[in-house]
Amino acid sequence: MSKNYLPSKLINVMVIENEEKVLQMTKSYFLSNDTNIIIVKTIDDAKFKLKKTNVDCIIIDTTMCTTDSDDFIQNLKANQKLQHIPFIILTPKGFVKDRIKGYTSGCSAYLSKPFDPMELKIIVKNIVSQKNLLTQDLISSYFLIKKLRFNMLKKYRQSCKENRYITLTPKEEIILNYLLKNIRGKNISEKLKINSRTVEKSVSKILDKTQTKNKKELRILPWNIMF
């Protein structure tokens, strides 16, 4: 679909960092009309902010506290409301094993300190853009599937109306014959010498098989094409 379901909006980027110099440098590079930097200095503050703010991307400095940041990332990925948020890891460690650990945790990018702020800015823009495109594709697919399901249901119902071929049990056929003659359930029960509950169950099955709501609808069906 060419229709865009995602209006242009301010990008909210959360930065979890306690090093003032890095914070100021990062914030200065993101100064623009389309980006809002949300600065938090502790993992607890980040958790609190995420409950109240829609965030498009998270930048996490794992040097703050390795255990807390690891737990935070695990909880982020396990939370159904937050797991869609892409995150970037900042760390002074540049070893291959650390990068592997970062990407295994699900991060979208891994940057070693010191890093180029412009590189970080471009990475964030690309990640958010890709996330929005994916979201738009999902929304488009949802509406497409919904439309297809509606059309299929419509055709199915139309087919049912045009081709009402059904299969009834011998008992149901007898009861149906009485119903078409406008004979009440109590009288059918007496004629067939069965209890009223059995008649009611059979009537319900007949209505279900013929896709009718009540006995009135049942009687006006074109019964010459039913069997």
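Residues numbered from 1 in each chain as written. Predicted model: local features only at pLDDT ≥ 70, side-chain atom pairs only at ≥ 80, totals over all residues. Heavy atoms only, no water.

Engineer: So what exactly am I meant to see when it comes to the sheet that holds strand E1 (residues 11-16) here?
Structural biologist: Each strand in a sheet pairs with its neighbour through backbone hydrogen bonds, running either in the same direction (parallel) or in the opposite one (antiparallel). Here we have 5 strands laid out as an open sheet, ordered E2-E1-E3-E4-E5, and parallel in their pairing. At either end of the open sheet lies a strand with only one pairing partner, and these are strand E2 (35-40) and strand E5 (109-112). Direction aside, the axes of adjacent strands within the sheet are offset by 20° on average. In this structure, E1 lies alongside strand E3 (residues 57-61), joined through 4 bridges in parallel fashion. In the sheet register, Val-13 faces E3, and the bridge partner there is Cys-57. Packed on one face of the sheet, helix H2 (residues 43-52) meets E1, E2 and E3 and runs near 160° to E1. (Pairing = 2+ DSSP bridges. Helix = DSSP H or I, 4+ residues; strand = E, 2+ residues; numbered from the N terminus. Axes fitted to C-alpha atoms, helices over the stretch in contact; angles between N-to-C directions. Contact = heavy atoms within 4.5 Å.)

Engineer: Explain a nonpolar patch on the surface to me, please; I cannot follow it from the model alone.
Structural biologist: A cluster of nonpolar side chains, contributed by Tyr-29, Met-118 and Ile-122, occupies part of the molecular surface with about 260 Å² of accessible area. Considering the arrangement of structural elements, one finds Met-118 in helix H5 (residues 117-162). The exposure class assigned to Met-118 is partly exposed, which follows from its relative accessible area of 37%. (Patch = residues over 30% accessible without salt bridge, like charges linked within 9 Å, V, L, I, M, F, W, Y side chains within 5 Å. Areas by Shrake-Rupley, 256 points an atom, 1.4 Å probe, with all protein chains shown as cover. Salt bridge = Lys/Arg side-chain N within 4 Å of Asp/Glu carboxyl O. Buried < 20%, exposed > 50% of the residue type's maximum accessible area, 1.4 Å probe, protein only.)

Engineer: Before we go on, may I ask you to explain the pattern of salt bridges in this structure?
Structural biologist: Side chains carrying opposite charge are able to pair once their charged atoms draw close together. Scanning all chains against the criterion turns up 3 salt bridges. Glu-200 serves as the salt-bridge partner of Arg-197, at 3.4 Å between the closest nitrogen and oxygen. Pair noted here: Arg-197 and Glu-200 are both in helix H8 (residues 196-210), with a separation of 3 residues, about one helical turn. By relative accessible area, Glu-200 is classed as partly exposed at 44%.

Note that every value here comes from positions in space, so none of it alone points to a role or purpose.
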